[in-house]
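So the chains spell out like this:
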Amino acid sequence: MAIISDFQEDEAPPRQQQAAAGGADVEEALAALLERCGGALPFLQAAIGVAHRRAGLFRDPSAVSKVTSMAAAARAQVEAEERAAREAKRKAEEAERKAAAEAEKAAKAAAAASAAPAAEEKPESSAEKDSMEVDKKEEGNVRQPNAGNGLDFEKYSWTQQLPEVNITVPVPEGTKSRFVVCDIKKNHLKVGLKGQPPIIDGELYKPVKVDDCFWSIEDGKSLNVLLTKHNQMEWWKSVIKGDPEVDTQKVEPESSKLSDLDPETRQTVEKMMFDQRQKQMGLPTSDEMQKQEILKKFMAEHPEMDFSGAKMA
């Protein structure tokens, strides 16, 4: 995106300034018309009708595909904004979990420090020693979950909720996406940097939905991988089979419910849940249903046009 200095704006030719002012006036006029039409679809229908009658819009055989492309581009922008909002929410939740984990770790350290003198004064019996040895062996395989219901390792950490698993891998600052190797398969995950041994490489604890998984570089110093569980009603004990496991008896489900969310977020979540159920049943999503209705209405209002080659979404 180009950046124009204040000086350049002051020196802009009057014609450009007039054009900018005219564009603002046009948008205000269209906004007023949108309100009078009673919504976006009636407004769009009226605009298409005027363009067809006054300018012969649909005399051009490619007009329908061009209008559809414009609508698809607008929808893609909305989806990108929704993804950005979900990602921002996920980052905020991750930051809260990390802060809670640090607080819990500090509290445990303080409690251990205060209990140390008392422990030194009391000699341990052989039975107590044996019990501690057993506990240590169990801890080697099954560990207390972190604040995000996962585990923290030297090379990576992971958290989870019922629908998904989030993996955070520290990478050298300034790392670009082109340096990353991230291969996500249904039952296998490989993560690392090009030219170096993999950081993660093994069979996943449970299958994932590959099409709903993605990865991203955050601030050039951490690689985040989101895995969407195939079975979204169970907790994972580990990300990779053979790695230390989390004690699933001590994980904490999400406390938030739909009723706790703000209206906009709740609407987005409900739409995602509806679309997911529709896909599982082989039925059209809400967006596809809306496109079908628009096309049906348009075809009914323009019987003179040939739609034999058009396909329903």
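Everything discussed here concerns the structure shown above.
What comes next is a walk through the structure.

Cut-off values and rules
- Residues numbered from 1 in each chain as written.
- Predicted model: local features only at pLDDT ≥ 70, side-chain atom pairs only at ≥ 80, totals over all residues.
- Heavy atoms only, no water.
- Axes fitted to C-alpha atoms, helices over the stretch in contact; angles between N-to-C directions.
- Helix = DSSP H or I, 4+ residues; strand = E, 2+ residues; numbered from the N terminus.
- Left-handed = near helix turned anticlockwise from the far one by under 90°.
- Contact = heavy atoms within 4.5 Å.
- Nonpolar A, V, L, I, M, F, W, Y, C, P; charged D, E, K, R; others polar.
- Core = buried A, V, L, I, M, F, W, Y, C linked by side-chain atoms within 4.5 Å.
- Buried < 20%, exposed > 50% of the residue type's maximum accessible area, 1.4 Å probe, protein only.
- Expected span 1.5 Å × (residues − 1).

### Some words on the packing of helix α3 (residues 40-55) against helix α7 (residues 286-301)
Then, in step 1: α7 packs onto α3 with a crossing angle of 40° between their chain directions and a minimal axis gap of 12 Å. Every pair of crossing elements has a handedness; the one defined by α3 and α7 is right-handed. Across from L41, Q45 and I48 in α3, the residues of α7 making contact are Q290, I294, K297, F298 and E301.
Then, in step 2: Of the residues assigned to the contact of α3 with α7, the class counts are 4 nonpolar, 2 polar and 2 charged.

### Things to note about the side chain of R97
Then, in step 1: On the secondary structure map, R97 appears in helix α4 (residues 63-121).
Then, in step 2: Every residue in contact with R97, bar those within four places of it in the chain, is listed here: A147, G148, T159 and Q161.

### Some thoughts on the nonpolar core
Then, in step 1: Residues W158, I167, L189, L227 and V239 are the most contacted members of the largest nonpolar core, which totals 25 residues.
Then, in step 2: Elements represented by at least two residues in this core include exactly β4 (164-170), β5 (180-184), β6 (188-193) and β9 (222-228).
Then, in step 3: For L227, the contacting residues outside a window of four places in its chain are P163, E164, V165, I167, I184, L189, L204, V208, C213 and W236.
Then, in step 4: Among the nonpolar cores identified, the runner-up in size contains 5 residues, and I48, A63, F298 and M305 belong to it.

### Thoughts on α3
Then, in step 1: Its 16 residues give α3 an end-to-end C-alpha distance of 21 Å, which sits within 8% of 22 Å, the value for a rise of 1.5 Å per residue.
Then, in step 2: Among all positions of α3, only F43, I48 and G49 are buried.
Then, in step 3: Taken from the residues just after α3, G56 is the one with a positive phi, measuring 60°.

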